[in-house]
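Observations on chain architecture
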Amino acid sequence: MADSKREIERKYEATPDTRLPDLTKVAGVSAVTHHGVTELDAVYYDTADLRLAADSLTLRRRTGGADEGWHLKFPVSSGIRDEIRAPLADTLPHSLAGLLRSRVRDEDVTPVVRLLSARDVHHLVDEGGTFLAELSIDEVLAQRLTEEGGGPTAVWTEIEVELADDGDPAFLDAVERRLRKAGVKPSASASKLARALTETGVRPAGPAQRPAKKKRKPPPPTAGDHVLDYVREQVEAVITLDPAVRRDLPDSVHQMRVATRRLRSAFKTYRKILDRTVTDPVGEELKWLAAELGVDRDQEVLDARFHAATADLSRTLLLGPVRSRLRLWSVARRTGSRRRIVAVLDGKRYLSLLESLDALLAAPPLRPAAAKPPRDALPRAVLKDYERLATRVGHALEQPPGRDRDLAMHEARKAAKRARYAGEAARPALGKAAKRFAKRMKAVQKVLGEHQDSVVARDALRALAIQAHAAGEPSFTWGLLYGQEQATAAEKERELPGVWARASEPDVRSALKG
């Protein structure tokens, strides 16, 4: 069984002669207590091409210390990582192996670095004895591990300050100011592993390596470069979100599903740039994955919707065990959907999809239009999606209220989403015009989406009402909620013409043409 914690820490350069300043001068620190020296022995694992290190992930098996065992760390932001722990075992626990699958695929992870550390531990506490942070001075011996045995070595000393659970990160700022004043400088390496690899002559160069996110790249010179940059960004999102989905982190399923939809939309929108004979089969597999993820995401939406609706009702309108039935219904559906999602991510079909995406990026199926400048090729593709949306909105507005209109609005919603994604994808090349276009398309999508949510909610409420009736419970509240959803749908149908009129203003479209 694995558990996790949020690790917030900072590292500093030191030498064996480094002396700590008086940290009781840091606001809130009443004492610095010494907890002795601990010997740590950690072996770090990675693929042969260091895919984990390239993505700033660390996987280690460590003995010594209070938390010995297997540790897998995911970067969250600078100085912040999520650490997933599993009990000490001879082989990699299954609970951690699944979290690595989107990155390592079928490759083995093997020992790459061994770190022996002598950790001199100090605790910073307040006047009540409450633990604020742990400061350690680590004497480190790193050895590169190869198939032949031990490789090059490196030694260094560093200071590590780790914030207490639920502590205020601003406290680390105050500690850092005190350390800097004493001449202690922040470390140039984000982790011990990164430093060990660098100092033993290894540079991560796995397929997942990418430039720092904050660097602003120059505009892609061709339409093909532009589209491939966008596709690559979405593929990386799928890979990165995979372990978050497995861990059931908030909004992770939704974000992964969005990435799959953006990929499919890009393949369809830019079919003059990427060959459909290659992208269509991949798009079908992305559609399958989005549908599997949708089971869980749709339940999240319904849960939030029904919770809000019942919270707004007075007790006199809540007849029968409405909230209890909703909870049981949600747990039953989500438990099954969670198991299904993990099974999908563990399956061969999903792994094959990831390999197909890698292959597409490695050998892009570019068509002649890919060589054109982005401003020549992209607007035409975006406006074609707009025209498709216009046709579907017009058809939806022509339908009388009822099932046919519901279906037509759902088709328009999918077209609005595709047009929005097309505008967002074109933004780096087309600038503010694409941004404005995408914003208007998003407004249309929102109205149509809220309408579709009401359709799905009504189907669920009807099923719940039938279950309640069969159990001898009052069905009044279910009918009331159903009526509210009908009213919401009617309201969105009235809103659509006005939102569409703003989205179809000539200046929004003409700006894309330059």
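The text that follows walks through the structure, step by step, so that each part is easy to find. (Residues numbered from 1 in each chain as written. Predicted model: local features only at pLDDT ≥ 70, side-chain atom pairs only at ≥ 80, totals over all residues. Heavy atoms only, no water.)

Looking at helix α3 (residues 170-181)
Applicable threshold: Secondary structure is summarised from DSSP: a helix means a run of H or I of at least four residues, a strand means a run of E of at least two, and numbering begins at the N terminus for each. By this rule, a helix spans an expected 1.5 Å times one less than how many residues it contains. Only protein chains enter the accessibility calculation, which uses a 1.4 Å probe; a residue is then buried when its area is under 20% of its type maximum, exposed when over 50%, and partly exposed in between. Should any heavy atoms of two residues lie within 4.5 Å, those residues are considered in contact.
Its twelve residues place the ends of α3 17 Å apart at the C-alpha level, agreeing with the 16 Å of an ideal helix rising 1.5 Å per residue. Where α3 is concerned, the buried positions are F171, L172, A174, V175, E176 and L179. Where α3 is buried, its residues touch β1 (3-14), β6 (110-125), β7 (131-146) and β8 (149-163). Directly beyond the C-terminal end of α3, a positive phi value near 90° is found at G183.

Examining helix α10 (residues 374-398)
Think of an α-helix as turning once every 3.6 residues; residues three or four places apart then point the same way. Here α10 is 25 residues long and its end C-alpha atoms lie 36 Å apart, about the 36 Å a rise of 1.5 Å per residue gives. Buried within α10 we find P374, A377, L378, P379, A381, V382, L383, D385, Y386, L389, V393 and A396.

Some words on the packing of helix α7 (residues 276-311) against helix α12 (residues 432-470)
The condition that has to hold: Lines are fitted to the C-alpha atoms to define the axes, a helix being fitted only along its stretch in contact, and any angle between axes, read from their N-to-C directions, falls within 0 to 180 degrees. Orientation categories follow fixed angle ranges, with anything under 35 degrees roughly parallel, anything over 145 roughly antiparallel, 65 to 115 roughly perpendicular, and all other angles oblique. Under this grouping Gly is polar, as are all residues other than the nonpolar Ala, Val, Leu, Ile, Met, Phe, Trp, Tyr, Cys and Pro and the charged Asp, Glu, Lys and Arg.
The N-to-C vectors of α7 and α12 enclose an angle of 80°; their axes lie 10 Å apart at closest approach. Judged by the angle between their axes, α7 and α12 are roughly perpendicular. Only E450, D453, S454, V456, A457, A460, L461 and L464 of α12 make contact with α7, whose side of the interface consists of V301, L302, R305 and F306. Grouping the amino acids of the contact of α7 with α12 by side-chain chemistry returns eight nonpolar, one polar and three charged.

Remarks on the pairing of β8
Put simply, the rule reads: The rule for pairing is simple: two strands pair if DSSP sees at least two bridges between them.
Where β1 and β8 come together, six bridges link them in antiparallel fashion. Bridge pairing in β8 places A14 opposite T157. Relative to β8, β7 runs antiparallel, the two being bridged by 13 bridges. Each bridged residue has a counterpart across the sheet, and for I137 the counterpart in β8 is I159. Taking the residues between adjacent antiparallel strands as the criterion, β7 and β8 are bridged by two residues.

Structural notes on the packing of aromatic side chains
Let me state the cut-off plainly: A pair of aromatic rings is counted whenever rings of Phe, Tyr or Trp (Trp by its six-membered ring) have centres within 6.5 Å, and the orientation is called stacked for planes under 30 degrees apart, edge-to-face for over 60 and tilted otherwise.
Scanning all chains against the criterion turns up four aromatic pairs. Seen from their ring centres, F306 and W329 are 5.8 Å apart, and the 40° between their planes marks the pair as tilted. With F306 in helix α7 and W329 in helix α8 (residues 322-346), the pair connects residues that are 23 residues apart, well separated along the chain. We classify W329 as buried; its relative accessible area is 11%. Look at Y386 and W500: their rings are 5.5 Å apart centre to centre, the planes differ by 15°, and that puts the pair in the stacked class. Remark: W500 occurs in helix α13 (residues 476-503) and Y386 occurs in helix α10; sequence separation between them is 114 residues. On the accessibility criterion, W500 (13% relative accessible area) is buried. An aromatic cluster is built from Y386, F437 and W500, whose rings are joined through pairwise contacts.

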